[in-house]
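Chain by chain, the residues run as shown.
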Amino acid sequence: MVFSRSQAKNICIVHDVPVPIIIAPGNVPEPEYKQKTYHIVLSIDVGNTTTDCIITGTNLETGITYLINRNVRLMKDIPKPESGEEIFGQTLDGHILSKKAVEVLVKDIIYKTISECSLDLNKELDFAVHSTGIVAEWESPDHINNYLGSITKGCLDAGIPMAKMRPVMTKSSLPEDDRKFSMLDKVQYTGSVAGVIPATGLSGEDLIANDMEGDLSLAGIKQAAVNTPIDFRNPCVSIDMGTILDGRITENVPKDRKDPYARTIGCFIGLGGAIADTLVKGTGQVDKKYGTAQEFLGDDVKTGFFSKKESGLCKDYSNKIHNLIQVEMVPHHRKKFGQVPIDPQIAENEKIAIIGVDCGEDFSHYHELQEIGREIYESKGLKNFTEVIDRVCAQLSLRMIDVAHKEGLLHENSVLGFSGRAIMSGRKPEYVLEGIIQRNLYPDPYDRLIFVSSALPRGASVMARCMGSLGNPKRPIGGNRGEGCILGRRKAFNA
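Residues numbered from 1 in each chain as written. Predicted model: local features only at pLDDT ≥ 70, side-chain atom pairs only at ≥ 80, totals over all residues. Heavy atoms only, no water.

Visitor: So what's going on with the overall build of the protein? Which residues, and what values?
Guide: Counting its secondary structure elements, the protein contains 13 helices and 19 strands. Against the globule reference of 23 Å for 495 residues, the protein gives a C-alpha radius of gyration of 22 Å, in line with a compact fold. Based on the C-alpha atoms only, the size of the protein along its principal axes is roughly 65 × 60 × 55 Å. Here the protein holds 495 residues, and 59% of them are scored as buried. Considering only residue pairs separated by 6 or more positions, the protein has 73% of its internal contacts joining residues 24 or more positions apart. Element-wise, carbon and sulfur atoms account for 49% of the exposed surface of the protein, whose accessible area totals about 20500 Å². The protein carries 58 positive and 64 negative side-chain charges, and their two centres are separated by 5 Å. (Helix = DSSP H or I, 4+ residues; strand = E, 2+ residues; numbered from the N terminus. Rg over C-alpha atoms; globule rule 2.2 N^0.38 Å. Buried < 20%, exposed > 50% of the residue type's maximum accessible area, 1.4 Å probe, protein only. Contact = heavy atoms within 4.5 Å. Areas by Shrake-Rupley, 256 points an atom, 1.4 Å probe, with all protein chains shown as cover. Lys, Arg positive; Asp, Glu negative; His and termini not counted. Charge placed at Lys NZ, Arg CZ, Asp CG, Glu CD.)

Visitor: Just give me the short version of helix α1 (residues 99-116), but keep the residues and values in it.
Guide: Counted at 1.5 Å a residue, the expected span for α1 with its 18 residues is 26 Å, and the 26 Å between its end C-alpha atoms agrees. Downstream of α1 by one or two residues, serine 118 has phi in the positive range, about 50 degrees. (Expected span 1.5 Å × (residues − 1).)

Visitor: Got a sec to walk through the nonpolar core? Specific residues and values, please.
Guide: Ranked by size, the top nonpolar core spans 71 residues in total, and within it Ile239, Leu271, Ile321, Val357, Met400, Phe418 and Val432 carry the most contacts. Looking at which element gives the most residues to this core, the answer is helix α10 (residues 366-406), with 16 residues. In contact with leucine 271, not counting residues within four places along its chain, are Leu92, Thr243, Ile244, Leu245, Gly338, Val357, Asp358, Cys359, Phe363 and Leu396. With 35 residues, the next largest nonpolar core counts Val19, Leu97, Leu105 and Cys117 among its residues. (Core = buried A, V, L, I, M, F, W, Y, C linked by side-chain atoms within 4.5 Å.)

Visitor: Lay out the packing of aromatic side chains with the relevant residues and their values.
Guide: For any pair of aromatic rings, the description rests on two quantities: the centre-to-centre distance and the angle between the ring planes. Counted according to the given criterion, the structure contains 8 aromatic pairs. Aromatic side chains phenylalanine 296 and phenylalanine 385 sit 6.1 Å apart centroid to centroid with 65 degrees between the ring planes, which places their arrangement in the edge-to-face category. With phenylalanine 296 in helix α7 (residues 293-297) and phenylalanine 385 in helix α10, this residue pair connects regions lying 89 residues apart in the sequence. Phenylalanine 296 sits in the partly exposed class, given a relative accessible area of 21%. On the accessibility criterion, phenylalanine 385 (1% relative accessible area) is buried. A network of ring pairs unites the aromatic residues Tyr33, Tyr38 and Tyr66 as a single cluster. The cationic tip of arginine 391 hangs over the ring face of tyrosine 431; the distance from NZ or CZ to the ring centre is 3.6 Å. (Phe/Tyr/Trp six-rings, centres within 6.5 Å; stacked < 30°, edge-to-face > 60°. Lys NZ or Arg CZ within 6 Å of the ring centre and 35° of its normal.)

Visitor: Explain the sheet that holds strand β9 (residues 127-132) to me, using residue names and the numbers behind them.
Guide: One open sheet accounts for 4 strands, arranged β6-β5-β4-β9; its pairing is mixed. With partners counted over all chains shown, the strands left at the sheet margins are β6 (64-74) and β9, one partner each. Averaged over all pairs of adjacent strands, the angle between their axes in this sheet comes to 15 degrees, without regard to strand direction. Pairing geometry for strand β5 (residues 50-59) and β6, over 10 bridges, is antiparallel. The partner of glycine 57 across the bridge, within β6, is tyrosine 66. Sitting on the sheet, α1 touches β4 (38-46), β5 and β6, and the angle it makes with β6 is about 135 degrees. (Pairing = 2+ DSSP bridges. Axes fitted to C-alpha atoms, helices over the stretch in contact; angles between N-to-C directions.)

Visitor: Which residues make up the side chain of aspartate 259, and what values go with them?
Guide: Inspection of the secondary structure assignment puts aspartate 259 in the loop between β12 (244-250) and β13 (262-271). Only 2.7 Å separates the side chain of aspartate 259 from the side chain of arginine 263, close enough to count as a polar contact. With sequence-adjacent residues up to four places away left out, aspartate 259 is seen in contact with Val253, Arg489 and Phe493. (Polar contact = N/O pair within 3.5 Å; in protein donor to acceptor, adjacent residues only side chain to side chain.)

Visitor: Let's hear about α10: which residues, and what values?
Guide: The terminal C-alpha atoms of α10 lie 28 Å apart, and with 41 residues this falls more than 12% below the ideal 60 Å at 1.5 Å per residue. Where α10 bends most, at glycine 381, the angle is about 135 degrees. A positive backbone phi angle near 75 degrees is found at glycine 408, which sits one or two residues after α10. (Bend = angle between axes of the 7 residues up to and from the residue.)

Visitor: Any chance you could break down the side chain of glutamine 370 for me, citing the residues and the numbers?
Guide: Along the chain, glutamine 370 turns up in helix α10. Using a relative accessible area of 16% as the deciding quantity, one classes glutamine 370 as buried. Glutamine 370 has contacts with Thr278, Lys281, Gly282 and Lys288, leaving out every residue within four places of it along the chain.

Visitor: Tell me about the pattern of salt bridges, and name the residues and values.
Guide: Going through the model one piece at a time under the given rule, you end up with 27 salt bridges. Close ionic contact of aspartate 358 with arginine 334 constitutes a salt bridge, the shortest N to O distance being 3.7 Å. Here the residue aspartate 358 occupies a position in strand β17 (residues 353-359), and arginine 334 occupies one in the loop between β14 (325-329) and β15 (336-337), the gap between them amounting to 24 residues. Note on aspartate 358: relative accessible area 0%, which makes it buried. (Salt bridge = Lys/Arg side-chain N within 4 Å of Asp/Glu carboxyl O.)

Visitor: I'd like a description of the pairing of β12, backed by residues and values.
Guide: Consecutive side chains of a regular strand alternate in pointing toward one face of the sheet and then the other. Burial runs high along β12: 7 of the 7 residues are buried. Burial along β12 is two-sided: the face carrying Ile244, Asp246, Arg248 and Thr250 and the face carrying Leu245, Gly247 and Ile249 are both buried. Relative to β12, strand β11 (residues 236-241) runs antiparallel, the two being bridged by 5 bridges. Paired with methionine 241 across the bridge in β12 is leucine 245. Turn length for the β11-β12 hairpin, with the two strands adjacent in sequence and antiparallel, is 2 residues. In terms of strand pairing, β12 meets β13 through 7 bridges, oriented antiparallel.

Visitor: Could you give an account of the environment of asparagine 494, with specific residues and numbers?
Guide: You can see asparagine 494 is positioned in helix α13 (residues 487-494). The spatial distance from the C-alpha of asparagine 494 to the C-alpha of asparagine 413 is 28 Å, given a sequence separation of 81 residues. Sequence-distant contacts of asparagine 494, that is, excluding residues within four places in its chain, are made with Val187, Gln188 and Thr190.

Visitor: Would you mind going over the environment of cysteine 267 in detail, with residue names and values included?
Guide: Within the secondary structure layout, cysteine 267 lies in strand β13. Assessed through its relative accessible area of 1%, cysteine 267 is described here as buried. Through-space distance from the C-alpha of cysteine 267 to that of isoleucine 354 is 5.0 Å; in sequence the pair is 87 residues apart.

Visitor: Can you lay out the packing of helix α6 (residues 273-281) against α10 for me, pointing to particular residues and giving the numbers?
Guide: Working note: a packed helix pair is described by the angle between its axes plus the distance between those axes. One way to put it is that α6 packs onto α10 with a least axis distance of 7 Å and a crossing angle of 155 degrees. Judged by the inter-axis angle, α6 sits roughly antiparallel to α10. For the pair α6 and α10, the sense of crossing is left-handed. Here Ile275, Ala276, Thr278, Leu279, Val280 and Lys281 of α6 come into contact with α10, specifically with Tyr366, Leu369, Gln370, Ile372, Gly373, Phe385, Ile389, Val392, Cys393 and Leu396. Classifying every residue of the contact of α6 with α10 by side-chain character gives 12 nonpolar, 3 polar and 1 charged. (Parallel < 35°, antiparallel > 145°, perpendicular 65-115°, else oblique. Left-handed = near helix turned anticlockwise from the far one by under 90°. Nonpolar A, V, L, I, M, F, W, Y, C, P; charged D, E, K, R; others polar.)

Right, here's the structure in full:
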């Protein structure tokens, strides 16, 4: 089915929106959060390719989240460990990280980000969340906790009070202007985020090395949909294609269940943007070890409403690449898939399906992928190379949806959300939509599909507000699609 530009509906793509500026007395422009009640959250994510520090603010009257400031640092620019330094692990590309380097990186990027927007950490910042997607050498919970501890140290060194990294326990512990929006005196915080009990919340232990990122990204997509026509509530599927993949599948909450929270029934793990990065490294136009698709191809979203049919040449190369890639249910004997450590026993005990993406076994086909990238670029040029990248990434997402569908994890009411640099650029959103239409999964695919920038920091903001029960009943993100706010059911459950 092909739509022309005039016939097609709009693909729902949510970009970052800067915080509104208002004119204060004396004709002085200042951000809206200086005058209205905002919940401001700082998110620091130490990733395989970049470290992002993003400050968002949510207007508690409207429930809409805005970007206040952000900074990005390339991990390849982080100093290598000096002799005798404690080593924590390495990025997916093999860049060795020391405890000191991580602490300094976090401190410097946070300090720069808060200084540029003149944010008062004591009076205006409500919460700080830190996470990481670096999983290359994590082999035990202690290793993960030690690494996260170094990120916490960097936060403290940047001046973030420890109290801003801990959940509030009572309504009275919230800032005075936030209290009138809080329901913490009526409902307890049970650990659910955006109406979903995380996979870790089911077992009490980490199922996947980058568990938290998947939960936050899902919550972030839910938040972004609040101001769109898409009702992105349970049951839902989220796929976040950063360098390392994360994602979640949630259930349709039964109406007769006492608690109104959805369970996590599936997770996505493995290789995401790393596949596109490896193809680009073969071109010779970026660093052969640390180069990325983003720095070579950019991150602008383009759309042609399916007017461009996939050429035979691009299809052949796309098929050749996908023949090297596995998208499958992760076998229970595997403790690592796509270089991501997992605990298969927890998955089995909690009946959580794990869908993994790999290229060979733990990226063993890396060099074959790189060689294909070289061949396409040198013999077919940039235009065809770019098209192949877009088709490969879109098809990768569709293959994950196919596996979820085959395994019975998609509900007839499921909605699909995508985020991450490997799906939020070029014509990838268009090609994903095209594939969903071809699969005839839903009566109106446009009503079931959303693409979101910065899902993880958005999710950090959601998590912080969930801890203080700072939801907005008029713009709910918990509960099932098409249903009302679950506040009443939460009150009954907590009674």
